[in-house]
Amino acid sequence: MERRDREPLVRKSSSSYRTFPESAARRLDKEYLRSLHNRRLYLAVFAAVLGNFSFGFALVYPSPVIPALEAHPSPALRLDQHTASWFGSVFTLGAAAGGLSTMLLNDCLGRKLSIMFSALPSALGYALLAGAQGLWMLLLGRVLTGYAGGVTSASIPVYISEISHPGVRGMLGACPQIMAVLGSLVLYALGKYLRGVPVSRATLCAGQEGLHRVNHSPCPGGGKARTPIPEWFSPNCASLAGLVLDWRWLAVAGEVPVLAMVLLLCFMPNSPRFLLSQDKEEEALGSLCWLRGEDTDYGREYEQIKDSLRKQSRRVSCAELKDPFLYKPILIAGGMRFLQQLSGVTCILVYLQPIFKRTSVILQAEYDAALVGLVRLSAVAIAAVSMDKAGRKILLFVSAGVMLVSNLTMGLYIHFVPASHNGTVANTTLVGSATLPAEPTNYITLIPLLATMFFIMGYAMGWGPITWLLMSEILPLKARGVASGLCVVVSWLTAFTLTQFFLPVVNAFGLEVPFLFFAVISAGNILFTGCCVPETKGRSLEQIEAFFRTGRRSFLR
């Protein structure tokens, strides 16, 4: 092997963040990439990412549903503050369980069948939510939809990575994030919220003529007062134009993308790399032919995949885990998933409305969810377009930098701006019952709104989609199924822990403390990217595995 072929994966002197030497890049026939037909590949990716659409839909399902259930006339379905918290967060526990099971499913069933299997718990979960008659059905429905989301989170990026070629893998790798954001936006658009004036210390009442919203006044018709709704959870907080479905039909609507995914995937091929790992050579060749086109030189790519598989054993043994070829990419992928969640994105999205209420942003609350969703969608689209041109690492650097500045700005604003300017009340908990101003009076309250928007934009253009893409790119084939499931478990357990501890920390130390912590983590993301993350732009999965196999210590220098 030539000396230049053994250069370290991370080179301080490189301004382009290139991991692989130019001689390796020349091995890829650019004419072959230009000759490929991508229409069938795009169709297969679309069929798979419908699972991410369902995931995004289920993730934010509590946003419109919790206010409706807190106002429900039936005591068996009515949520209080404690049960509402579990209704929102138990999804992440289900997702962690789904990622754990995918460690076996990905290698036993294959990538495509694992995705299709996720439709079963997803459909059952939505059915429980739609027909819920008690709290246990609501929580079990959330756990099952979360489990399905965990399976798809671990299987879909791997499937897309293994069926894609280097020319479009970056763009297609961002599709799961795009579809998840679209799923969230559709949920917001379909959700039906209780109408009325913004809740102050309102109480929902059930009388003979139905539910009535009052302000400490007797219920019309002689009904009894029900449980108060928290100040920050006004039903108007996230309402959008075109609200058409109530919470039960909203769950029924969630079944549509699941069924469409299963039907389309029935006609899609399995991953050629997985089929070869199962000694199904004819099926693998047919799958690659279908994806690339019959009139292309797909046989050359097929031989490259076979040659890579010959160099590794079928299963991962405990002794092999000491090999840098295995543990380095697993540590990098797991570390990125851990840091991604530790940067605070889940907490900020889950508690977005309370945060905006606490800081009294100048924008009307009903536009918050739509605005944040559109910002996320735009940023992920930018990442999809530029990922195969600018590269992964430069976007990760920019993403972490934007998140650092945004979190730092938010933390310093909350700490230094007096309550009289930012509309907050000193020593008040995030979900407390203290009366907060209905409308901000100072344009300085644009700062937290802009800071949050830039944080979401920064995350969505780098550490959101690229983390999932790199996980599926750098993990070796024989450990890809198990390791991807492990990364999902790490991700969602971290998300659950942060979500559960966010409110207690805010109540004990103030809202600025979590944001300053997230800023420190974002700075760590920059260091981690520079020291540990390889640039994979334009490289085949076999080339990436070959460079990890060299075992150079300078890789983690």
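Cut-off values and rules
- Residues numbered from 1 in each chain as written.
- Predicted model: local features only at pLDDT ≥ 70, side-chain atom pairs only at ≥ 80, totals over all residues.
- Heavy atoms only, no water.
- UniProt positions renumbered as here; feature names shortened; annotations may be inferred.
- Helix = DSSP H or I, 4+ residues; strand = E, 2+ residues; numbered from the N terminus.
- Salt bridge = Lys/Arg side-chain N within 4 Å of Asp/Glu carboxyl O.
- Buried < 20%, exposed > 50% of the residue type's maximum accessible area, 1.4 Å probe, protein only.
- Axes fitted to C-alpha atoms, helices over the stretch in contact; angles between N-to-C directions.
- Parallel < 35°, antiparallel > 145°, perpendicular 65-115°, else oblique.
- Left-handed = near helix turned anticlockwise from the far one by under 90°.
- Contact = heavy atoms within 4.5 Å.
- Nonpolar A, V, L, I, M, F, W, Y, C, P; charged D, E, K, R; others polar.

1. Here's the deal with the UniProt feature "transmembrane region" (unreviewed entry) in the chain
Next up, step 1: Within this numbering scheme, the UniProt entry marks residues 41–63, 83–105, 117–138, 172–191, 394–416, 443–470, 482–503 and 515–533 as carrying the feature "transmembrane region" (unreviewed entry).
Next up, step 2: Along residues 83–105 the backbone is 100% helical and 0% strand, and the end-to-end C-alpha distance reaches 32 Å.
Next up, step 3: Counting secondary structure, residues 117–138 comes out at 77% helix and 0% strand; the distance between its end C-alpha atoms is 22 Å.

2. Section: the pattern of salt bridges
Next up, step 1: A full pass over the atoms with the stated rule returns two salt bridges.
Next up, step 2: With a closest N to O distance of 2.9 Å, Glu162 and Arg111 form a salt bridge. Within this pair, whereas Glu162 is found in helix α8 (residues 135–163), its partner Arg111 is found in helix α6 (residues 111–117), the two being separated by 51 residues in sequence. The exposure classification of Glu162 matches that of Arg111, with both residues buried.
Next up, step 3: Here Glu281 and Lys306 are joined by a salt bridge, their closest N and O atoms 3.5 Å apart.

3. Some details on the packing of helix α7 (residues 119–130) against α8
Next up, step 1: Two elements in contact, α7 and α8, have axes separated by 7 Å at closest approach and are oriented at 155°. Here α7 lies roughly antiparallel to α8, going by the angle between them. In this structure, the crossing between α7 and α8 has a hand that is left-handed. Within the contact between the two elements, α7 uses Pro121, Ser122, Leu124, Gly125, Tyr126, Leu128 and Leu129 and α8 uses Met137, Leu138, Leu140, Gly141, Arg142, Leu144, Thr145, Tyr147 and Ala148.
Next up, step 2: Here the residues of the contact of α7 with α8 are counted per class, giving eleven nonpolar, four polar and one charged.

4. A few points about unusual backbone geometry
Next up, step 1: Despite not being glycine, Asp279 has its phi angle at roughly 60°, a positive value.
Next up, step 2: Among the structural elements, Asp279 can be located in the loop between α13 (272–277) and α14 (281–292).

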